[in-house]
Amino acid sequence: MCEPGSSARYTADWTSLDSRPLPPWFDDAKIGIFIHWGVFSVPGYGRISEWLWAWWKVTKRPDIVNFMKKNYPPGFDYPDFGPQFRAEFFNPSDWADIFAASGARYVVFTAKHHEGFTNWPSPTSWNWNSVDVGPHRDLVGELAVAIQKRSLHWGLYHSFYEWFHPLYLADKASGFKTKNFVTQKALPELYDLVTKYKPELIWSDGDWEAPDTYWNSTQFLAWLYNDSPVKDVVVVNDRWGKGCYCKHGGYYNCADKYTPGKLPDHKWEKCQSMDTHSWGYRRNMRLSEVMSLPSIIKDMVYVVALGGNYLLNIGPMSDGMIAPVFEERLRGLGGWLKVNGEAIYGTKPWRVQTEGSSVNLWYTTKNSTVYAIILGWPSLQIFDLSTPKTSEETKVTLLDYPDTPLKWAPLSETVGLTIVMPPMPVSPGNAWTLKLEGVA
């Protein structure tokens, strides 16, 4: 095993590539923002709006077919949405301010989804990119500059496959014996993204129809880890070919919204959309379908306590605006993290992740400190923790009142403590953190 930045080189096989340690920034960061934005944001319709084209033309879902027939003229085709993706209100500095205010430490932006439209001037996507069509702007490049100015880590989502690209369809028809789409389209775009925009994270997707040998994934990753401009800092996920996820790559995403029932033995990330129905924006989204701030914090705390990172998704509108409800949730998350962030950033799973209690409770740890994050205020002023082992040096505080030690007493000679809780501080996130020093 060799460390990032060492002179050792990785070979183009999974045994070697999987031995590469993750650059430590990723595990410390804990929280990221995922952004699904593209031509699909124009119709903004369907339970998973970014899949509208495939559901209209391939699976022919009646709701999508009827929506298109009712609202668009005969002969209208999906590429006709391209000029309507104008991004006229897109201000990358405003976006970056919101993401920084959320407390997130990294951002993952959709460079290209399965529709094939690229949000940068890809030389292999003529007339189906954001400079030739629609905004006439390099959306990836503009956002990269704004994100990096705020010292946030910068990542890109890239879909390998494209539903209707003729080269991909020809390769698929050959049983993936030919690789014309990979050599002429998919890989050139990945190399272009890395060399031009230097992402610290690549969130690969759209790999599931073909094996990694078709995608030449191991060859690309060997270059990425050995010779690319981001070789020492870059982090990748696990979607590099059919059968790879939860098995090969950097950290594991496994399935969308992956939620393990116990502590995994490999670094992982949960991607979760704030709109519970869709990753891309939906114009008919209802407030009841948007995660509340307490539900976001509850989900995030669970993930971090089990050693994961939390990648929270929003879908901006086609004009470049972030829906006010999304902004409100992100700023609320940031407000909670200003108080409680030390129990999240840079932490590790404790020896016990949770315990039976009168409230939902999760543990994290950093250095010699243990944090007990409680989701819901205890109904009684006397609150028991049954797991920590106390000592004469044990000190308990609530992060809302960091300079006021709380009274406590041991539950038994060897384990547990009972705490006198202070008056309940205001928390729109309905979550508070007990800081336990001098416990084991």
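Residues numbered from 1 in each chain as written. Predicted model: local features only at pLDDT ≥ 70, side-chain atom pairs only at ≥ 80, totals over all residues. Heavy atoms only, no water.

## Topic: the overall build of the protein chain
1) Next: Looking only at helices and strands, the protein chain features 12 helices and 15 strands.
2) Next: Expected size for 440 residues packed as a compact globule is a radius of gyration near 22 Å; at 23 Å, the protein chain falls within 12% of this value.
3) Next: Expressed along its principal axes, the backbone C-alpha trace of the protein chain runs to roughly 75 × 55 × 40 Å.
4) Next: For the protein chain, long-range pairs separated by at least 24 residues make up 70% of all intrachain contacts whose partners lie at least 6 apart in sequence.
5) Next: On the protein chain, roughly 17,700 Å² of surface is accessible, and the fraction owed to carbon and sulfur atoms is 54%.
6) Next: Measuring between centres, the 43 positive side-chain charges of the protein chain sit 3 Å from its 46 negative side-chain charges. (Helix = DSSP H or I, 4+ residues; strand = E, 2+ residues; numbered from the N terminus. Rg over C-alpha atoms; globule rule 2.2 N^0.38 Å. Contact = heavy atoms within 4.5 Å. Areas by Shrake-Rupley, 256 points an atom, 1.4 Å probe, with all protein chains shown as cover. Lys, Arg positive; Asp, Glu negative; His and termini not counted. Charge placed at Lys NZ, Arg CZ, Asp CG, Glu CD.)

## Quick word on the pattern of salt bridges
1) Next: As enumerated under the stated definition, the model contains 22 salt bridges in all.
2) Next: The salt bridge involving Lys 30 is made with Asp 27; its shortest N-O contact spans 3.1 Å.
3) Next: Judged by its relative accessible area of 16%, Asp 27 is buried.
4) Next: It is possible to trace a salt-bridge network through shared partners that takes in Asp 27, Lys 30, Lys 267 and Lys 348. (Salt bridge = Lys/Arg side-chain N within 4 Å of Asp/Glu carboxyl O. Buried < 20%, exposed > 50% of the residue type's maximum accessible area, 1.4 Å probe, protein only.)

## Comments concerning the sheet that holds strand β14 (residues 417–420)
1) Next: In space, the three strands of this open sheet follow the order β11-β14-β13, with antiparallel pairing throughout. Edge positions in the sheet fall to β11 (382–385) and β13 (408–410), since each has one partner strand and no second. With strand direction ignored, the average angle separating the axes of adjacent strands in the sheet is 20 degrees.
2) Next: Relative to β14, β13 runs antiparallel, the two being bridged by three bridges. (Pairing = 2+ DSSP bridges. Axes fitted to C-alpha atoms, helices over the stretch in contact; angles between N-to-C directions.)

## Remarks on the packing of helix α11 (residues 293–305) against helix α12 (residues 324–340)
1) Next: It is at 10 Å that the axes of α11 and α12 come closest, and there the two elements cross at 55 degrees. It follows from the interaxial angle that α11 and α12 lie oblique. The handedness of the crossing between α11 and α12 comes out as right-handed. Contacts between α11 and α12 involve Leu 293, Ile 296, Ile 297, Met 300 and Val 301 on the former and, on the latter, Arg 329, Gly 332, Leu 333, Trp 336 and Leu 337. (Parallel < 35°, antiparallel > 145°, perpendicular 65-115°, else oblique. Left-handed = near helix turned anticlockwise from the far one by under 90°.)

## Let's talk about the packing of helix α7 (residues 166–173) against helix α8 (residues 180–197)
1) Next: Look at α7 against α8: their axes get within 8 Å of each other, and the N-to-C directions meet at 150 degrees. Our classification of the angle between α7 and α8 gives roughly antiparallel. Note that α7 runs across α8; the crossing there is left-handed. When α7 is examined against α8, the residues Leu 167, Tyr 168 and Asp 171 are found in contact with a partner set consisting of Asn 180, Phe 181, Val 182 and Gln 184.
2) Next: Looking at side-chain class alone, the contact of α7 with α8 contains four nonpolar, two polar and one charged residues. (Nonpolar A, V, L, I, M, F, W, Y, C, P; charged D, E, K, R; others polar.)

## Quick notes on unusual backbone geometry
1) Next: Of note, the phi angle at Ala 87 is positive, near 50 degrees, even though the residue is not glycine.
2) Next: Relative to the helices and strands, Ala 87 resides in the loop between α4 (62–71) and α5 (92–101).
3) Next: Residue class for Ala 87 comes out buried when judged on its relative accessible area of 0%.
4) Next: Here the phi dihedral of Asn 430 falls at roughly 55 degrees; this positive angle occurs in a residue that is not glycine.
5) Next: Relative to the elements of secondary structure, Asn 430 occurs in the loop between β14 and β15 (431–437).
6) Next: Since its relative accessible area comes to 37%, Asn 430 is described here as partly exposed.

## Focus: the state of the cysteines
1) Next: Within this structure, the stated rule accounts for one disulfide.
2) Next: Between Cys 244, a cysteine without a disulfide, and Cys 246, which holds the nearest cysteine sulfur, the sulfur-to-sulfur distance is 11 Å.
3) Next: With no disulfide of its own, Cys 271 has Cys 254 as its nearest cysteine by sulfur position, at a separation of 10 Å. (Disulfide = S-S within 2.5 Å.)

## Looking at the sheet that holds strand β9 (residues 360–366)
1) Next: Strand order across the open sheet formed by five strands is β8-β9-β10-β15-β12, with antiparallel pairing between neighbours. Looking at the sheet topology across the chains shown, the edges are occupied by β8 (348–354) and β12 (395–398). Geometrically, the sheet is characterised by an average inter-axis angle of 25 degrees between neighbouring strands, direction not taken into account.
2) Next: Pairing analysis gives six bridges linking strand β10 (residues 369–375) to β15, with the strands arranged antiparallel. Following the sheet pairing, Tyr 371 is matched in β15 by Lys 435.
3) Next: Its contacts with the sheet put α11 on β8, β9, β10 and β15, and the angle it makes with β9 is roughly 45 degrees.
4) Next: Its contacts with the sheet put α12 on β10 and β15, and the angle it makes with β15 is roughly 20 degrees.

## With respect to the packing of aromatic side chains
1) Next: All told, the structure shown has 50 aromatic pairs when counted by the stated rule.
2) Next: Ring geometry for Trp 37 versus Trp 95: centroids 4.9 Å apart, planes at 55 degrees, classification tilted. With Trp 37 in the loop between β1 (31–35) and α3 (52–57) and Trp 95 in helix α5, this residue pair connects regions lying 58 residues apart in the sequence.
3) Next: On the basis of relative accessibility, which here comes to 1%, the residue Trp 37 falls in the buried class.
4) Next: Cation over ring: Arg 61 sits above Trp 55, and NZ or CZ is 4.1 Å from the ring centre.
5) Next: When the ring centre of Trp 350 is taken as origin, the NZ or CZ atom of Arg 351, which lies over that ring, is 4.5 Å away. (Phe/Tyr/Trp six-rings, centres within 6.5 Å; stacked < 30°, edge-to-face > 60°. Lys NZ or Arg CZ within 6 Å of the ring centre and 35° of its normal.)

## Brief notes about the nonpolar core
1) Next: Counting 112 residues, the largest nonpolar core has Phe 99, Phe 109, Trp 215, Phe 220, Leu 224, Met 300 and Phe 326 as its most contacted members.
2) Next: No other element matches the nine residues that α11 contributes to this core.
3) Next: Leave out the neighbours within four places in its chain, and Phe 326 touches Met 274, Asp 275, Tyr 281, Met 285, Val 290, Ile 314 and Gly 315.
4) Next: Formed by 20 residues, the second largest nonpolar core is a distinct cluster that contains Tyr 363, Val 370, Leu 417 and Leu 436. (Core = buried A, V, L, I, M, F, W, Y, C linked by side-chain atoms within 4.5 Å.)

Note that every value here comes from positions in space, so none of it alone points to a role or purpose.
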